[in-house]
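Understanding the architecture of this molecule
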Amino acid sequence: MTLPVTIIMIEDDEGHARLIERNIRRSGVNNEILSFTNGTSAMKHLFGPDGTGLAQKGNALLILLDLNLPDMSGIDILKQIKENKYLKASPVVVLTTTDDSQEIKRCYELGCNVYITKPVNYENFANAIRQLGLFFSVIQVPPAAS
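The present account deals with the structure reproduced in this document.

Conventions and cut-offs
- Residues numbered from 1 in each chain as written.
- Predicted model: local features only at pLDDT ≥ 70, side-chain atom pairs only at ≥ 80, totals over all residues.
- Heavy atoms only, no water.
- Salt bridge = Lys/Arg side-chain N within 4 Å of Asp/Glu carboxyl O.
- Helix = DSSP H or I, 4+ residues; strand = E, 2+ residues; numbered from the N terminus.
- Pairing = 2+ DSSP bridges.
- Axes fitted to C-alpha atoms, helices over the stretch in contact; angles between N-to-C directions.
- Contact = heavy atoms within 4.5 Å.

1. Section: the pattern of salt bridges
Pairing is possible between side chains that carry opposite charge, provided their charged atoms lie close to one another. Taken as a whole, this structure holds five salt bridges when the rule is applied. Residues glutamate 83 and lysine 79 are paired through a salt bridge, measuring 2.8 Å at the closest nitrogen-oxygen approach. Taken together, the positions of glutamate 83 and lysine 79, both in helix H3 (residues 74-83) and four residues apart, correspond to about one turn of that helix. Of the charged contacts in the structure, one is a salt bridge between lysine 105 and glutamate 109, with a shortest N-O distance of 3.5 Å.

Structure follows, in structure tokens:
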């Protein structure tokens, strides 16, 4: 039995968040999307009330992560997710405006699964997200470790 995958979107720009969700839906992905506009609330959800990540045990998560958040670095969030025994197998898609080659390299070294630079042009951005949605519809996501 395959668990339903919950998409965790950590994106502070509400316009980008709406565009991402709308175009993921247009690609036929109907999974639950939980949206967070800052790292603090996303981390509270991911790591649970005790801060261990145990709250996600057995859940299949796919994380969309913007690096430029108002309260904390997306790189710090990525590092904490990939160091956590319950969350580390969850795929993380970095979706950000930053195209700095050192930052891209660092994200992959920390364990991000996909790094996508948000196109500046609206139509290109919408198209990129629709393609990402198609990708989501075929990948397999493991449940958080038990």
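2. Brief notes about the sheet that holds strand E3 (residues 60-65)
Strand order in the open sheet formed by five strands is E2-E1-E3-E4-E5, and the pairing between neighbours is parallel. Each edge of the sheet is formed by a strand with only one pairing partner; in this case those strands are strand E2 (33-36) and strand E5 (114-117). Strand-to-strand twist in this sheet, taken as the mean axis angle between neighbours without regard to direction, amounts to 20 degrees. As judged from the four bridges shared by strand E4 (residues 92-96) and E5, these two strands associate in the parallel manner. Its bridge partner being in E5, valine 93 is matched across the sheet by valine 114. This element, helix H1 (residues 14-26), spans strand E1 (5-10), E2, E3 and E4 of the sheet and lies at about 170 degrees to E2. Relative to E5, helix H4 (residues 101-110) is tilted by about 155 degrees, and along the sheet it contacts E4 and E5.

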